[in-house]
Amino acid sequence: MDIGLHISEFTFPGGPPRLADDLTRVVVAAEDAGFARVSVMDHVWQIGVHGPPELAMLEAYTTLGFIAARTSRVQLLAWVTAVTYREPGMLAKLVSTLDVLSKGRAWLGIGAAWNSDEAQGLGLPFPGTAERFERLEETLQICVQMWSDNEAPYQGKHYRLGRTLNSPQPIRRPPILIGGGGEKKTLRLVARYAQACNLFATPDLERKLDILRAHCETEGRDYNDIEKTVMTGFDIGEKGEKIDTFLSQLQQLAVLGVTVAHGRVPQVWKPGRLELIGREVIPVAAAF
């Protein structure tokens, strides 16, 4: 099992004047500790589970470019891109650029979006749920086409591209992670388009994976080709006193077929927290 770091808070003690330096220290420490990937949220306001909207939030792809310049091994992605916040042709170009400049480390993490408050607040498109899922599927089709040698026009219900030229192409075709556990739409799109799913460590996880397996059978897709990722909290205690419990939780996830645990580390800016996970968690989880 690989371990990934999700950075979902940017209200660091030093404030904006020190944020660039503090973020650099965090991502370098994560890479040195053996984290396999680093992600940021694609939000423009902070979300309620972490605090009020007035707390600091950086734009995702600008931040990923910054992180790419300060690391050399960790995989990079937005967890997950809100499909309606960017036109799909530009999104494919953004991820391609990130991949080239990171020397082949970019993923496309994407979902149907959900935060209507921030979208309305900043005037971002946010149609109804059914339309957002239609746009999600068309965006996936456009990205796949732009990451190929097919420059033909694309004609969809919501998007029309006259020529899907994308130069330079990514160093590798960015793997696609689709976030969410919706049983009728989201997991069907995972089976059809994605290299990874993103679920949560909840009691219904095993049932969600069974539903994904059924969608794979319908789509003619090998279920084992899809990476099973879980977003979970990394609660190891202030001094590591909860590490054994956390490792037990990871082992239970591994039994279900989960190969990547990805999550937020509380007070990630504190020295030593990522290093402790690197010493006590990552080498053990690698054997699961």
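Note that this is a predicted model, so its numbers are computed, not measured.

Definitions and cut-offs
Sequence positions are assigned chain by chain, starting from 1 and proceeding in written order. Given that this is a predicted model, residues contribute local features only at a pLDDT of at least 70 and side-chain atom pairs are listed and counted only at 80 or more, while totals for whole chains, interfaces and linings are drawn from all residues. Derived side-chain values reflect all non-hydrogen atoms in the structure, with water molecules and hydrogen atoms excluded from consideration. For each structure, a 1 Å grid was placed over the protein atoms alone; sets of points admitting a 1.4 Å probe that cannot get out are labelled cavities, open sets with protein on both sides within 12 Å along at least five of seven lines are labelled pockets, and lining residues have an atom within 4 Å of a point. Grid points are joined across faces, edges and corners, and a volume is the space filled by probe spheres set on the points. Ten residue types, Ala, Val, Leu, Ile, Met, Phe, Trp, Tyr, Cys and Pro, are classed as nonpolar, four, Asp, Glu, Lys and Arg, as charged, and the remainder, Gly among them, as polar. Numbered from the N terminus, helices here are DSSP runs of H or I no shorter than four residues, and strands are runs of E no shorter than two.

A. Up close: the layout of surface pockets. Of the voids in this model, the largest pocket is the one considered here, and its volume is about 740 Å³. For the largest pocket, the lining is made up of 39 residues, of which H43, W79, W114, N198 and F200 are closest to its centre. Here the residues of the lining of the largest pocket are counted per class, giving 19 nonpolar, 14 polar and 6 charged. A volume near 230 Å³ is recorded for the second largest pocket. Along the walls of the second largest pocket sit 13 residues, with G65, A68, L98, L101 and S102 positioned nearest its centre. Mapped by element, the contributors of at least two residues to the lining of the second largest pocket are α2 (60–70) and α3 (88–101). Grouping the constituent residues of the lining of the second largest pocket by class yields 6 nonpolar, 5 polar and 2 charged.

B. Structural view of empty space enclosed by the protein. Tallied over the full model, the rule gives 1 cavity of 30 Å³ or more. Space inside the largest cavity adds up to approximately 60 Å³. What lines the largest cavity is H6, I7, S8, E9, R264, V265, P266, Q267, V268 and W269. The residue inventory of the lining of the largest cavity, partitioned by class, reads 5 nonpolar, 3 polar and 2 charged.

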